[in-house]
Amino acid sequence: MTAETGIQTGTLPDGDQRYRQLQRRHRRGRIWLVIFQASTIVGIIALAMLLYTIVNDSFGLVAIQNKVEPSELAIDGVALDELTHEQLFTILKANISKGVLARMEHEQPFDERSREDVLDLVYERVVQPTILSSWSLSDSILRRRAIQAEAARDFPQAKLEFRSWLSLDFIRSPQSPTPATAGVRTALLGSLWMIAITILFAFPLGVGAAIYLEEYANDSFINRVISTNINNLAGVPSIIYGILGLAIFVRGLAPLTSGTLLGISDPTTSNGRTILSAAMTLALLVLPLIIINAQEAIRAVPRSLREASYALGATRWQTTWFHVLPSALPGVLTGTILAMSRAIGETAPLVVIGASTFIAVDPNGPFSKFTALPIQIYQWTARPQGQFRNIAAAAIIVLLVLLLSLNASAILLRNRTNRSF
Amino acid sequence: MYIPSYRAAISAEYAKPTTAVKLKKKVRISESVIQTLLFLCGAISVLITLGIVVVLGRESLLFFASEEVTLAKFLGTFKWQPAIGEFGIWPLVNATLMTTVIAMLVAIPLGLGVAIFLSEYATPKQRSTLKPILEVLAGIPTVVYGYFALTFMTPLLRSIFGQNMVEVYNTASAGLVMGILILPLVSSMAEDALAAVPNSLREASYAMGATKLETAVSVVVPAAISGLAAAVIIGVSRAIGETMIVALAAGAGPAFTFNPFKAAETMTGHIVRISGGDLSYDSLDYNSIFAIGLMLFLLTLSLNLLSRRIVKRFREVYE
């Protein structure tokens, strides 16, 4: 650069030469500006491609083949969907074995079931639609003709229809081995249980530690160790927390985390791989984040507020509890919500502590085995069949919507309660 | 903390009280109980670190104490197959390094480019729209990136380089997507470092006739170099510990290869695969994930400490 610009050598270029040199320097500036802009655009394109891939797999054409066509089940020209409760029950009785029928009756008597419920059963047990093949959204729109030809050739019995893999049924139905009927209900409930218990542990501990570090701690060796340590913990990979949780909560504290100590679970079948173990592991993981965010919020409370309180004779705790904390609360809560959204998407530690992969029963408390939304996504993505990709994509949309609403509430909270001193 | 007790003393003297005022600090039990509880909350973080070190250390010792494993074998051989007594860690380390290098090849140039653009060129309006977009990128769970690698990046690589060249699971795809994941981390830390350089430096450079690019590259970047280096190191540490992307896209099976289009299992990927199955607590497999975990922990911890050291040591301080 020195030789080119010639500034250091003391011979400034003149006239035409100087003009050319200036032009060259400006051209180089423009080229690099384009490069810097391009790298920003690459980031945005990456995000767009990510979202596109997910949406692309969540909707699309499917080839469905019914074991029994609904039209064959119509009685006296009345379509299947229009039949009465009794007629549907008759169809069900005629088409499934007595044993299965008795079991269903045992679960819930047919008289008490609603007509829609019985209709669902008829579809599930008698019509038995199976999805033979699925196509992505972009293919479904751009290559519709080719797909129709392909489906007519390969699956002559099947009907081609547009399916949204993300649906209310998908959110409401439990896990199932067939992609067409599988849902995220158990996983979603597992995630919500887990996150609630995580916050129960992490919030008081985190805020307590932040108060200690900001309001009480003097500059002693041990306090410096604590604050350096918190910063280092924030950089530990999440899988390490999983290993820690496996050794301490799942294995070491198994009697407590499995619920046998409290006499809640059956000691012969239960183990430490429960919601409680997972929640405690995640609590350790988000603790540094909550502490750091809460510290910042507490630090933003002006000194004058504290001194005014001291001047009126308040003790240190009274000052903290009645004046500092209320002012810092919006910031503390915002940080906590962000930590929650980190915890809800965390997968690796849950895999390590052994979240169960196939759970079709709703979790009913801290001591139940569970699966979580990210675990479900991981499991479905890892399977080779195409339709599991479709439901993985739909589950990702559910997860992202959950995260988005958490983050949006954090932003709302921050904006609404933002007060300046 | 400062408690204005002398004021009480002064006012006490001026008021000339009829009864004697006790100026000694009153001992309040509830206050000290609360202080102790709060201290315990803070101390828990130290306990977590100790827990990590103790748990990882103890189980790793058990791993190395077993007859089949020796440290020489661990560090000196190039095959990892615990089932037949092969315990060379290098295939796993090599795969981790490959994905990390590929990720950083994406994240460093792009991240620094984005940071320079946002800090030096972008108008406030551009910045306020672009930064949230990058933050969204940073907030997406890593398992989603794993899905993206497997369903988008791998087919893309396979269609570019040929189905025979690129295996279904490969480190290139995992590394590239990991680079996208780390990009916002590097760019936001780097931008903070660039933004901390005072404007007077830039204006002095302009006054000397430098163009915007010359100012950015030869004045602002050198002034912020410690922050930029720290951003890169934190990015590397994050890439080494990243799990779900490699577990989904890099392959399941340790392989010592330098070909980025071949499947290879990383350290984190191995931990996930081994612990994902039903693991019995006394097996060598169980102990091995602690040994690998300890290596990961020490590696990332030293990188994090290094980045803090660099920031502290080489930071240019402006008034």
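**Remarks on the domain arrangement of chain B**
Residue and element names in this part refer to chain B.
(1) Moving on: The assigned domain composition of chain B is domain 1 (25-65) and domain 2 (80-314).
(2) Moving on: Computed over C-alpha atoms, the centres of domain 1 and domain 2 are 32 Å apart.
(3) Moving on: At the interface, 10 residues of domain 1 touch 11 residues of domain 2.
(4) Moving on: With both chains or domains summed, domain 1 and domain 2 bury close to 850 Å², and 82% of this area falls on carbon and sulfur atoms.
(5) Moving on: Counting the surface domain 1 buries against domain 2, the share from its top three residues, Leu56, Glu59 and Phe63, is 64%.
(6) Moving on: The interface formed by domain 1 and domain 2 includes zero salt bridges.
(7) Moving on: Counting across the domain 1 and domain 2 interface gives one residue pair in polar contact (both at pLDDT 80 or more).
(8) Moving on: A breakdown of the residues in the side of domain 1 that touches domain 2 according to their chemical character gives seven nonpolar, two polar and one charged.

**Looking at the domain arrangement of chain A**
A common way to state how big an interface is: give the accessible area lost once the parts meet.
Residues and elements named next belong to chain A.
(1) Moving on: By domain assignment, chain A separates into domain 1 (58-164) and domain 2 (185-416).
(2) Moving on: The straight-line distance from the C-alpha centre of domain 1 to that of domain 2 is 42 Å.
(3) Moving on: The interface is formed by five residues belonging to domain 1 together with five residues belonging to domain 2.
(4) Moving on: Of all residues in domain 1, Ser58, Ile131 and Ser134 bury the most surface against domain 2, accounting for 84% of the area lost on that side.
(5) Moving on: Across the contact surface, domain 1 and domain 2 share zero salt bridges.
(6) Moving on: Summed over the shared surface of domain 1 and domain 2, the number is one residue pair in polar contact (both at pLDDT 80 or more).
(7) Moving on: By residue number, the principal contributor to the side of domain 1 that touches domain 2 is strand 2 (residues 130-134), which donates four residues.
(8) Moving on: By residue class, the composition of the side of domain 1 that touches domain 2 is two nonpolar, three polar and no charged.

**Structural notes on the sheet that holds strand 1 (residues 59-65) of chain A**
Residue and element names in this part refer to chain A.
(1) Moving on: With antiparallel pairing, the three strands of this open sheet are ordered in space as 2-1-3. The open sheet has two free edges, formed respectively by strand 2 and strand 3 (159-164), since each of these has just one partner strand. Recorded for the sheet is a direction-independent mean angle of 45 degrees between the axes of neighbouring strands.
(2) Moving on: Across four bridges, strand 1 lies against strand 2 in antiparallel orientation. For alanine 63, the partnering residue across the bridge sits in strand 2 and is serine 133.
(3) Moving on: Running over the sheet, helix 2 (residues 15-58) touches strand 1 and strand 3 and is turned about 25 degrees from strand 1.

**Quick notes on the confidence of the model for chain A**
Low-pLDDT stretches of the model should not have their predicted coordinates read in fine detail.
(1) Moving on: Confidence in the prediction for chain A averages 83 pLDDT; 93% of positions are at 70 or higher.
(2) Moving on: Ranking the helices and strands of chain A by mean pLDDT puts helix 15 (residues 303-311) of chain A first, with 93, and helix 1 (residues 2-5) of chain A last, with 48.

**Some words on the interface of chain B and chain A**
(1) Moving on: Listed as interface residues are 76 residues of chain B and, on the opposing side, 78 residues of chain A.
(2) Moving on: Across the chain B to chain A interface the summed buried area is about 7,000 Å²; carbon plus sulfur atoms make up 75%.
(3) Moving on: Taken together, the connections running from chain B to chain A amount to two salt bridges.
(4) Moving on: Between glutamate 59 of chain B and arginine 251 of chain A there is a salt bridge, with the nearest N and O atoms lying 3.9 Å from each other.

**Some thoughts on the side chain of threonine 336 of chain A**
Residues and elements named next belong to chain A.
(1) Moving on: Counting through the fold element by element, threonine 336 comes out in helix 16 (residues 316-345).
(2) Moving on: Relative accessible area serves as the criterion here: at 5%, threonine 336 is assigned to the buried category.
(3) Moving on: Among the polar contacts listed, one links the side chain of threonine 336 to the backbone oxygen of valine 332, at a separation of 2.7 Å.
(4) Moving on: If near-sequence neighbours (up to four positions away) are discounted, threonine 336 is found in contact with Ile199, Phe203 and Ile290.

About the thresholds
Residues numbered from 1 in each chain as written. Chains lettered and ligands numbered in written order. Predicted model: local features only at pLDDT ≥ 70, side-chain atom pairs only at ≥ 80, totals over all residues. Heavy atoms only, no water. Domains from an automatic or database assignment. Contact = heavy atoms within 4.5 Å. Buried area = accessible area lost by both parts, 1.4 Å probe. Salt bridge = Lys/Arg side-chain N within 4 Å of Asp/Glu carboxyl O. Polar contact = N/O pair within 3.5 Å; in protein donor to acceptor, adjacent residues only side chain to side chain. Nonpolar A, V, L, I, M, F, W, Y, C, P; charged D, E, K, R; others polar. Helix = DSSP H or I, 4+ residues; strand = E, 2+ residues; numbered from the N terminus. Pairing = 2+ DSSP bridges. Axes fitted to C-alpha atoms, helices over the stretch in contact; angles between N-to-C directions. pLDDT = per-residue confidence, 0-100. Buried < 20%, exposed > 50% of the residue type's maximum accessible area, 1.4 Å probe, protein only.

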